[in-house]
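Now for the letters of each chain:
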Amino acid sequence: MLRILNVVGARPNFMKIAPILKEMARYPDRIQPLLLNTGQHYDLEMVDLFFQDLDIPKPDLNLGVGSGTHAQQTARIMMAFEPVCLELSPHLILVVGDVNSTLACSLVASKLGIKVAHIESGLRSFDRSMPEEINREVTDLLSDYLFTTSPDADENLIKVGVPKEKIFFVGNVMIDSLLEQLPKARQRTILSRHNLQNTDYALITLHRPANVDDSRIFAGLLDAFGAIQNRIKLIFPAHPRTLKNLEKFKLIEKIRQMPNFQILPPLGYLDFLALMDKAKFVMTDSGGLQEETTVLGVPCLTLRENTERPITITAGTNLLVGLDPDKIVTEAVRILDGKAKQGKVPPLWDGSASERIVQKILDLFE
Ligand code: UD1
């Protein structure tokens, strides 16, 4: 029996682990899947709503680490994770994405000689000012099995010397969740509850430290939204970090002056998917949304200077616009004037990535 310890910690991990756990559950005689939540995120809206919406089973273990500086958070996860690994001696630990939990757990496991599988390997922004880039680089270096979402990721790994035999291009597990949950999301009433109709609004998310921890940049982005909301309603479900900084930098006043701009608390997976599906366009600094909008065919303006997901630009609906308020407004107006970028769905983003991953793991271990 193959004992696999699956790790999650933060919101963007949950939609990636859900389809993998479902797939593992199809082999009760061959796989014993365990789920560990580090507790990096802990708010109801950041965690519980996602477990419910995505039918993720209750974790077997919860480390309850919470927030802190990067070093504190990473260290706390490592210290709590090591005894768990020693007690359970899993054959494999499986980590997803690029959050601090991903890095911390792969570091612990590899030092204990436990094999590590990394889902969503090889993505690179080539910008180490973004903490996730460091998490991606180190996790990939330590991993034994690297599962990728796009051919550019394979190339990035090969360039840093990862042997080809360790790399498996399997597609995108986050899209497995999206395609499975879309029919349910379309039943939700969130649009009508907020007085929204198909494509009569644009959706915003913003939480990167580079954007919301700097009051000048954050204020500039709000200026851009202020101009855009003269043309279309803006809906902004805000991350806890973003909400705290809006208060701290006294930017709430700016928002009060925008009649067409609505802030919501963080939403669950299905409500958020429902909003994204019917949005005229999305403005975001998230990684995952760049991919999800590409699959939904919704135009996406990425409010960052770089992206680790270039395929969403070369193939998809994503456009990297940076942080200049004028440029953001110009691109939003282009979309409103009917000149949105068209895109197509990248190869293997077809809903079956987790099936390919679990099959490959079984082949490797049995
Ligand atoms: C983390 C990930 C990021 C991901 C994001 C999605 C890292 C390095 N970053 O960033 O890649 O895109 O999650 O959400 O792992 N907070 C709460 N409640 C929560 C969680 C956080 O109030 O449930 C607040 C705390 O004040 C905390 C801050 O948000 O200090 C930041 O949380 P943290 O987990 O450190 O990083 P995120 O910005 O959420």
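See the structure shown above.
Residues numbered from 1 in each chain as written. Predicted model: local features only at pLDDT ≥ 70, side-chain atom pairs only at ≥ 80, totals over all residues. Heavy atoms only, no water.

(A) The site of the ligand, seen in detail. In the neighbourhood of the ligand, 20 residues make up the surrounding shell, with Gln-40, His-41, Glu-132, His-207 and Lys-244 lying closest. The backbone of Asp-43 places a nitrogen or oxygen atom 2.9 Å from an oxygen atom of the ligand. For the ligand, whose free accessible area comes to 740 Å², the fraction covered by protein is 89%. For the shell around the ligand, the element with the most residues is helix H11 (residues 240–248), which contributes three residues. (Near = heavy atom within 4 Å. Polar contact = N/O pair within 3.5 Å; in protein donor to acceptor, adjacent residues only side chain to side chain. Areas by Shrake-Rupley, 256 points an atom, 1.4 Å probe, with all protein chains shown as cover. Helix = DSSP H or I, 4+ residues; strand = E, 2+ residues; numbered from the N terminus.)

(B) Region of the structure containing the nonpolar core. Judged by nonpolar contacts, the single largest core of 63 residues is most densely connected at Ile-56, Leu-94, Phe-147 and Leu-275. In this view, Ile-56 contacts Phe-14, Ile-17, Ala-18, Leu-21, Leu-35, Phe-50 and Phe-51; residues no more than four positions away in its chain are not counted. (Core = buried A, V, L, I, M, F, W, Y, C linked by side-chain atoms within 4.5 Å. Buried < 20%, exposed > 50% of the residue type's maximum accessible area, 1.4 Å probe, protein only. Contact = heavy atoms within 4.5 Å.)

(C) Fine view of the sheet that holds strand E13 (residues 318–320). Read from one edge to the other, the open sheet built from six strands follows the order E10-E9-E8-E11-E12-E13, with strand pairing classed as parallel. Edge positions in the sheet fall to strand E10 (261–264) and E13, since each of these pairs with one other strand and no more. Pairwise comparison of adjacent strand axes, ignoring direction, gives a mean angle of 20° for this sheet. As paired strands, strand E11 (residues 281–284) and strand E12 (residues 300–302) are joined by three bridges and run parallel to one another. In the strand pairing of E12, Val-282 is matched with Cys-300. Running at roughly 130° to strand E8 (residues 201–205), helix H13 (residues 269–277) makes contact with E8, strand E9 (233–237), E10 and E11 of the sheet. (Pairing = 2+ DSSP bridges. Axes fitted to C-alpha atoms, helices over the stretch in contact; angles between N-to-C directions.)

(D) Quick peek at the sheet that holds strand E6 (residues 145–148). The strand order across the open sheet formed by seven strands is E3-E2-E1-E4-E5-E6-E7, and the pairing between neighbours is parallel. In this open sheet, the two strands that pair with only one neighbour each are strand E3 (61–62) and strand E7 (167–169). Relative to strand E5 (residues 115–121), strand E4 (residues 92–96) runs parallel, the two sharing five bridges. Looking at E5, one finds that Leu-94 is bridged to Ala-117. Sheet strands touched by helix H5 (residues 131–142): E4, E5 and E6. Its angle to E5, the strand with the most contacts, is close to 140°.

(E) Geometry of the pairing of E5. Counting buried residues along E5, six of its seven residues qualify, which places the element largely inside the surrounding structure. Tracing the backbone out of E4, into helix H4 (residues 100–111) and back to the parallel element E5 gives a crossover that is right-handed. Bridging between E5 and E6 involves four bridges; their strand directions are parallel. Pairing of Ala-117 across the sheet is with Tyr-145, part of E6. This β-α-β element, E5 to H5 to E6, shows right-handed connectivity. (Right-handed = clockwise from strand over helix to strand, strands pointing away.)

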